[in-house]
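# Structural characterization, general
The lines below spell out each chain.
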Amino acid sequence: MSRRISIAIDGPAAAGKSTVAKIVAEKLTYIYIDTGAMYRALTYKALNKGASLDNESELMVILNDTSIELMPGEFGQKVLLDGIEVTNEIRSAEVTNQVSYVAVHELVRKEMVKRQQQFAIDGGVVMDGRDIGTHVLPNAEVKVFLLASVEERAQRRHAENIQKGFPSDLEKLKEEIAARDKIDSEREVAPLKKANDAIEIDTTSLSITDVVDKIMGLALERIG
Ligand code: CDP
Ligand code: CDP
């Protein structure tokens with residue numbers, strides 16, 4: 001049997017991480033872990049409980065009593081929060097605009113990283129997020145940092161919203177994405193950052209297939 005490696009895919013919002021990570025995982029028959037979904041699920045639960053997102057101890061009480069499961073579903077990855085599916089709920093504008101405030105907390109991140117590392121214990125994993133190459137899987141055999149201009153990323157989200165029949169405002173999306181990138185890259189703990197040994201791919205003018213092919217090339221080189 002060939003070696004089952006770990007692949008870390010990081011980058012800012014809407015750079016195409018989850019789309020390409022899912023395809024690469026399917027091609028290699030690896031598991032795909034969307035770590036952003038875990039921070040989103042906690043944010044969703046905390047908002048429902050009326051918790052203060054600034055209060056780390058309150059968030060930790062909630063997190064320690066929370067199960068988050070990621071599993072393959074008919075339309076991509078399914079997210080279960082305490083056994084109940086919240087795949088769509090965690091993508092709401094409210095969660096999207098608040099999640100970065102939850103993700104700044106050191107203890108929250110420590111617990112999330114522990115859970116994420118458990119998923120990857122046997123290799124054969126493609127994981128996407130902000131700190132995978134730098135903190136969660138520092139020994140991943142393949143590390144990729146995806147980039148695209150903020151205009152392109154907002155345009156991609158806009159097209160996705162229109163396709164799904166959701167209301168969408170391109171200028172607002174641009175502002176929200178830029179604001180989230182700023183919080184994610186300026187936070188003290190595990191900020192969004194390219195790992196020194198990650199390969200940077202600017203996807204601004206690349207198709208999904210182009211990006212998948214590049215990552216598959218890197219993966220197959222390492223698998224041998
Ligand atoms: O898909 P999108 O790029 O919109 O975001 P996401 O991957 O679902 O992540 C949502 C948020 O969770 C990010 O903006 C970060 O604040 C946080 N996050 C993080 O801090 N570390 C990770 N490994 C993954 C996500
Ligand atoms: O996970 P992340 O937030 O980084 O981005 P995503 O949700 O995978 O991708 C955002 C949108 O960009 C999706 O609708 C993708 O189909 C699209 N996309 C694209 O148009 N071109 C690429 N090279 C990658 C993604």
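Not measured: the values here are computed from a predicted model.

How each quantity is defined
Residues numbered from 1 in each chain as written. Chains lettered and ligands numbered in written order. Predicted model: local features only at pLDDT ≥ 70, side-chain atom pairs only at ≥ 80, totals over all residues. UniProt positions renumbered as here; feature names shortened; annotations may be inferred. Helix = DSSP H or I, 4+ residues; strand = E, 2+ residues; numbered from the N terminus. Buried ≥ 20, exposed ≤ 12 C-beta atoms within 10 Å, placed from the backbone. Contact = placed C-beta atoms within 7 Å. Near = placed C-beta within 6 Å. Nonpolar A, V, L, I, M, F, W, Y, C, P; charged D, E, K, R; others polar.

Right, let's talk about the UniProt feature "binding site: ATP" (unreviewed entry) in the protein for a bit. Here the UniProt-annotated "binding site: ATP" (unreviewed entry) positions come out as Gly-11, Pro-12, Ala-13, Ala-14, Ala-15, Gly-16, Lys-17, Ser-18 and Thr-19. Along the polypeptide, Gly-11 turns up in the loop between strand 1 (6–10) and helix 1 (17–28). For Gly-11, a count of 27 C-beta atoms within 10 Å translates into the label buried. Residue contacts for Gly-11: discarding those within four places in its chain leaves Lys-17, Phe-145, Leu-146 and Leu-147. Tracing the backbone shows Gly-16 in the loop between strand 1 and helix 1. Residue Gly-16 is classed as buried on the basis of its C-beta count, with 23 C-beta atoms lying within 10 Å. Excluding residues within four positions of it along the chain, Gly-16 makes contact with Leu-146, Ala-148, Thr-203, Ile-208 and Val-211.

A separate point is the site of ligand 2. Around ligand 2 sit 15 residues, and of these Gly-16, Lys-17, Ser-18, Thr-19 and Arg-156 come closest. Every element with two or more residues in the shell around ligand 2 is listed here: helix 1, helix 7 (150–164) and helix 9 (208–223). No other element matches helix 1, which puts three residues into the shell around ligand 2. For the shell around ligand 2, the residue count by class is six nonpolar, six polar and three charged.

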